[in-house]
Amino acid sequence: MPRRSLLFSPGDSPGLMRKAPGAGADVICFDLEDAVAPGRKDEARAAVGEVLADPDFDPDAEVCVRLTAESPAADLDGVLGGGGEDGDRPKEGTDEVRLDAVMLPKVETADRVESVAALCAERGRDPAVFALVETAAGVLSAQSIAAADATDALVFGAEDLAADVGATRTDEGIEVLYAREHVVVAASAAGIDAIDTVYTDFSDEAGLREDAAFARRLGYDGKLAIHPAQVEPITEAFTPDPADVEWAEAVLDARDEAEREGRAVFQVDGEMIDAPLIAQAERILDRAPDADR
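About the cut-offs
- Residues numbered from 1 in each chain as written.
- Predicted model: local features only at pLDDT ≥ 70, side-chain atom pairs only at ≥ 80, totals over all residues.
- Heavy atoms only, no water.
- pLDDT = per-residue confidence, 0-100.
- Contact = heavy atoms within 4.5 Å.
- Core = buried A, V, L, I, M, F, W, Y, C linked by side-chain atoms within 4.5 Å.
- Buried < 20%, exposed > 50% of the residue type's maximum accessible area, 1.4 Å probe, protein only.
- Salt bridge = Lys/Arg side-chain N within 4 Å of Asp/Glu carboxyl O.
- Helix = DSSP H or I, 4+ residues; strand = E, 2+ residues; numbered from the N terminus.

S.K.: Any details on the confidence of the model for the chain? Residues and values, ideally.
M.R.: Residues with a pLDDT of 70 or more make up 94% of the chain, whose mean pLDDT is 92. For residues 83–93, every residue scores under 50 in pLDDT, and the model assigns this stretch 18 contacts once sequence neighbours within four places are set aside.

Next up, the structure:
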């Protein structure tokens, strides 16, 4: 499944969590970090676990939980049922709690990814791991973080990065452009997804569309959303046009036919196709959920 749009939902708001799939995001992420006050972490962990254990909660979207930077083990125990205030369930938790992915904030080393993956394995889980790169140290280590065996996606966090380095955020985003490009290049080198930063003004649809289109041109696979109204513009921005999908399918069909015939060179509609164009076609179809592949 493509990860064009990822919608955050606060982990201490069961009503909002249950409504989140209705926005149509490819990924919904229940947030135990920024969206939850320090004194409400245990309550949020229990609330997330209750929603994810409900058999009626079965969205088509990928389901993710953003863990806290300080207490990932407590987060996992609280969500999966091995901890929290009651503490009456086994450490490995319960199988009925759905957990497709976890997001780790402020990742600065590959070891951090591997250690949290190990915590999940101890509890009988093997979720996808989204590494959120949002500090100067994280950006500089993006290549090794992306290359870690457990990392499924790099996520770029511009707001925290700007605060970390003392930059002033601007509409143009020049102050974070190097880091934004560095993260997507690191993800591409590792063959994993790259998810772009939030657009904080959820009332500015035109600005969001422009920012999402720019992120797509940089090579990102998707973008974070902090409000349900942002999901549709983001998803549209990262969904290939029908004409592009048709071209990509024609390229891969022609490639397959050339391989069967032992030909190294082939063309589509008079255009000679080489390895970069084949890779481009594959990427287009990866982003097209309804493509015939």
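What follows continues from the structure just given.
S.K.: Before we move on, can you summarise the nonpolar core with the specific residues and values?
M.R.: Counting 63 residues, the largest nonpolar core has Phe30, Leu52, Val113 and Leu154 as the members making the most contacts within it. Counting 16 residues, the second-largest nonpolar core is a separate cluster that includes Val251, Val268, Leu277 and Leu285.

S.K.: Summarise the pattern of salt bridges; cite the residues concerned and give the values.
M.R.: Scanning the model with the defined rule gives 28 salt bridges in all. Residues Arg3 and Asp193 are paired through a salt bridge, measuring 3.2 Å at the closest nitrogen-oxygen approach. Taken together, the positions of Arg3 in the segment before β1 (5–10) and Asp193 in strand β7 (residues 193–196) put the pair 190 residues apart, joining distant regions of the chain. For Glu159, the salt bridge goes to Arg169, with nearest N and O atoms at 3.0 Å. Highlighted residues: Glu159 in helix α7 (residues 158–165) and Arg169 in the loop between α7 and α8 (174–190), separated in sequence by 10 residues. Three or more residues are tied together by salt bridges with common partners; here these are Arg180, Asp196, Asp211 and Lys223.

S.K.: Tell me about unusual backbone geometry, and name the residues and values.
M.R.: The backbone of Lys106 shows a phi angle near 50°, a positive value even though the residue is not glycine. Mapping Lys106 onto the fold places it in the loop between β4 (101–104) and α4 (110–122). The class for Lys106 is partly exposed, based on a relative accessible area of 31%.

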